[in-house]
Amino acid sequence: MLIRTASKKLSLLAIACGALALTGCVTVPDAIKGSSPSPVTQLSSVQNAPNLFTGAEARFGGTVVNVANEQGRTVLEIAAVPLDSGARPILGEPSRGRLLATVNGFLEPVDFKGQLVTVVGPITGLKAGRIGMTPYRFVTMNVTGFKRWHLVQQVVMPPAPMGPWGWRGGPWGPGWGAGYGWYNPGPAQVQTIVTE
């Protein structure tokens, strides 16, 4: 009986810790919180009506396509994708357009080109340019905060087997009745995630 009670407490503790870890992942890092409670995040809206958004705070993110070092500043050309609730670029999403984000100071191109970033700051308008030989109107902004993200791989285990008595449970407590052999959850998978 003592083992069963201790095992139930450990299970509840693991569930509580897992829920706490998940809620901690959805906060926006301080560097890219900005000052607006709801910054502009739709790049296409800005491209279609730039005068409505000039001066508004925006938060965009994606892959840095090009880095241009100028006198006293660096311009990041970013292929923007949607952001998740933690302001991280969502992997696998197609580009929603490009923007030119101006950062005060020098950024090493090797550290940023091809990397995932999120930037926040006021929109300054549109700038005519080219992507290859194609004319393009880039959204421009002055960056007040930015975050460079990292890609890591993690192993995701398949769900635990379910028995007729519930989650890995049996008449003798958790774990005892789980080895029935009638449920094969499959192999573990490797996922790539965006992290700080």
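As the structure is a computational prediction, the values presented were derived from the model and not from experiment.

(A) Highlighting the environment of Gly97. Residue position: Gly97 is located in strand β3 (residues 97-104). Through-space distance from the C-alpha of Gly97 to that of Ile78 is 8.4 Å; in sequence the pair is 19 residues apart. For Gly97, the residues in contact, after removing those within four places along its chain, are Leu43, Gln47, Ile78, Ala79, Ala80 and Tyr136.

(B) The nonpolar core, seen in detail. Ranked by size, the top nonpolar core spans 21 residues in total, and within it Phe60, Leu76, Ile78, Leu99, Ala101 and Val119 carry the most contacts. For this core, the elements supplying multiple residues, two or more each, are α2 (43-48), β1 (57-70), β2 (73-81), β3, β4 (116-131) and β5 (134-142). If one sorts the elements of this core by residue count, β1 sits on top with four residues. Within the second largest apolar cluster, seven residues are counted, among which are Ile32, Ala87, Trp149 and Val194.

(C) Up close: the layout of surface pockets. By volume, the second largest pocket is sized at about 240 Å³. Thr41, Gln42, Val81, Pro82 and Leu83 are, among the 16 residues lining the second largest pocket, the residues nearest its centre. At three residues, the largest contribution of residues to the lining of the second largest pocket is made by β1. Residue composition of the lining of the second largest pocket, grouped by class: eight nonpolar, five polar and three charged.

(D) Region of interest: the pattern of salt bridges. Tallied over the entire structure, the rule returns six salt bridges. In this structure, Arg73 and Glu70 form a salt bridge, with 2.7 Å as the shortest nitrogen-oxygen distance. Between Lys147 and Glu196 there is a salt bridge whose closest N-O contact spans 3.4 Å. Of this pair, Lys147 sits in strand β6 (residues 145-148) while Glu196 sits in the segment after β10 (189-195); the two residues are 49 residues apart in sequence, bridging distant segments of the chain. By relative accessible area, which is 54% here, Glu196 ends up exposed.

So, how was this worked out
- Residues numbered from 1 in each chain as written.
- Predicted model: local features only at pLDDT ≥ 70, side-chain atom pairs only at ≥ 80, totals over all residues.
- Heavy atoms only, no water.
- Helix = DSSP H or I, 4+ residues; strand = E, 2+ residues; numbered from the N terminus.
- Contact = heavy atoms within 4.5 Å.
- Core = buried A, V, L, I, M, F, W, Y, C linked by side-chain atoms within 4.5 Å.
- Buried < 20%, exposed > 50% of the residue type's maximum accessible area, 1.4 Å probe, protein only.
- 1 Å grid on protein atoms, 1.4 Å probe; cavity = no way out; pocket = protein on both sides within 12 Å on 5 of 7 lines; lining within 4 Å.
- Points joined across faces, edges and corners; volume = space filled by probe spheres on them.
- Nonpolar A, V, L, I, M, F, W, Y, C, P; charged D, E, K, R; others polar.
- Salt bridge = Lys/Arg side-chain N within 4 Å of Asp/Glu carboxyl O.

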